[in-house]
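# Structure at a glance
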Amino acid sequence: MSKIICFGEILWDMLPQGKMPGGAPMNVAFHLNRLGLNASPLTALGKDDLGFELAEFLKGKMIPTDLIQWNNQPTGQVLVTFNAQQEASYTIQAPAAWDFIKIQDQSLPTLHDLSPILVFGSLACRTEVNRRSLQKLWTIAGLKICDINLRTPFYNKDLVHHLFSNSDWIKINHTELALITSWYQDDLKAESDQAQFLLGLFPAVDLILITRGEHGAAYYDRASHCSHPGFQVKVADTIGSGDSFLAMFISKALAQIQPDECLKYACGMGAAVASMTGATPVFDIEAQVQALFIQR
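This report concerns the structure included in the present document. The model shown is predicted, which means the values in this text are computed figures rather than measured ones.

Here the bond from alanine 94 into proline 95 is cis, since omega is -5°, no more than 30 degrees from zero. Mapping proline 95 onto the fold places it in the loop between β7 (88-92) and α3 (108-114). Following threonine 152, the chain continues to proline 153 via a peptide bond in cis, the omega torsion being 0°. Within the chain, methionine 62 stands out as a residue other than glycine whose phi angle is a positive 60°.

Right, here's the structure in full:
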C-alpha cells in the first residue's frame, strides 16, 4: 500500500459553537485513514495547549503522527463564519506553526524509498519555508495531487501556475476554475472548455476534479469526461466536505475503480460530511454513503 503524505496546514476551526480540528491536508489524511489507507499529515504544531490537544485528537482517531513537527509558533487557528447557505468564510491566523514545515535533506532518501503519494495545496505555500519544503517533496513523490484551496490573500497567478506545473492530479472548485482560467483567457465560460484549457496548459496533469457545491462534481482527462449531480442533504456546514470528497476519490481510484464510480462515491462522501458539523465527523461511511445511493 502506498504511503500518502498530506502536506500543509493543521489548525483549529473556531466555529460559532466551539473549536474543531481542521486544515485541508489534515482533513484529507483523517478521511483517508478512516477509509483504510496509510496517510500521514506532514505539518507542524505549536508547543502550546492547542497543539497538545490537536496531537491527542489525532492519536485518539488513530491518525499517524509520525510526520508531525513541533515549533515555538502558535498552533494554527481559523475564525469561521457562515452565510445563509451555511457556506463557510475563513479568517486565517498568521503566522502559525504550520507555516514552518521543514524537510531535512537527510530524511529525503527514506521518504523517496516510499515513493509516496503527495497531497498539497496553495495555502501552506504562503511562506518561503514551506515552498522550499514542498519543492523537495516533489522530487520524491510517486503521485502529486494538488488540492488548490485558494484563500485570499494567500495566492497569486505565479504560485498557482507553479503548483499546477508540478501536479499529476488537480482538485479544484468551480469558482476557482473560472478564476484561474480567466487569468490566461477570459472568454472561456463553459466548464468543459476551462478544464480542457488547463489540461492543455499543464501537460503533466493527468486529470482534473471539479467540485460544484450542491450541484455535485465533474471529472476530466484528455480522453473522457463524466459528472455527477450530487446528493441532496440538509447541510450542517460545508467545512471539510471537499476534503472528504477528495479522500474518497483517491481511495476508489487507487482501487482501480472507474472514474464515474469514483465520482459517485466521492460525491456521497462529501454530502455525508456536509450533513454533519465540522470537517472530521466520525460516522459509518459505508452505511451513510450507501443510504444516499438508495435515496436517488
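For the rest of this paragraph, the subject is the sheet that holds strand β1 (residues 4-7). The nine strands lie next to each other as β5-β4-β1-β8-β9-β10-β11-β12-β13, forming an open sheet whose pairing is mixed. Of all the strands in the sheet, just β5 (68-71) and β13 (225-228) have a single pairing partner and so form its edges. Taken over all neighbouring pairs, the strand axes of this sheet differ in orientation by 15° on average, direction set aside. Examined bridge by bridge, strand β9 (residues 143-147) and strand β10 (residues 169-173) share three bridges and lie parallel to one another. Residue cysteine 146 lies in a different strand from β10, and its bridge partner there is isoleucine 170. Each of β1, β4 (39-46), β8 (117-120) and β9 is contacted by helix α4 (residues 128-138), which is oriented at about 155° to β8, the strand it contacts most. Packing against the sheet, helix α9 (residues 259-274) makes contact with β11 (207-211), β12 (217-220) and β13, and its axis sits at approximately 25° to β13.

Our focus in this paragraph is the packing of helix α8 (residues 241-254) against α9. At a minimum axis separation of 7 Å, α8 and α9 run at an interaxial angle of 150°. Considering their axes alone, α8 and α9 lie roughly antiparallel with respect to each other. As α8 runs across α9, the sense of the crossing is right-handed. Seen from α8, the contacting residues are Ser241, Ser244, Phe245, Met248, Phe249, Lys252 and Ala253; seen from α9, they are Pro259, Cys262, Leu263, Tyr265, Ala266, Cys267, Met269, Gly270, Ala271, Val273 and Ala274.

This part covers helix α2 (residues 49-60). With 12 residues, α2 should reach 16 Å at 1.5 Å per residue; the first-to-last C-alpha distance of 16 Å fits that figure. Taken together, the buried positions of α2 are occupied by Gly51, Leu54, Ala55, Phe57 and Leu58. Looking straight down α2, one finds that the buried residues subtend no more than 155° of arc, so they occupy a single side. The exposed set on the far side of α2, more than 90 degrees from its buried face, consists of Asp49, Glu56 and Gly60. Buried positions along α2 lie against β2 (11-15), β3 (18-22), α1 (24-34), β4 and β5. Methionine 62 sits one or two residues past α2 and shows a positive phi near 60°.

Calculation criteria
Residues numbered from 1 in each chain as written. Predicted model: local features only at pLDDT ≥ 70, side-chain atom pairs only at ≥ 80, totals over all residues. Heavy atoms only, no water. Helix = DSSP H or I, 4+ residues; strand = E, 2+ residues; numbered from the N terminus. Pairing = 2+ DSSP bridges. Axes fitted to C-alpha atoms, helices over the stretch in contact; angles between N-to-C directions. Contact = heavy atoms within 4.5 Å. Parallel < 35°, antiparallel > 145°, perpendicular 65-115°, else oblique. Left-handed = near helix turned anticlockwise from the far one by under 90°. Expected span 1.5 Å × (residues − 1). Buried < 20%, exposed > 50% of the residue type's maximum accessible area, 1.4 Å probe, protein only. Arc of directions from axis to C-beta.

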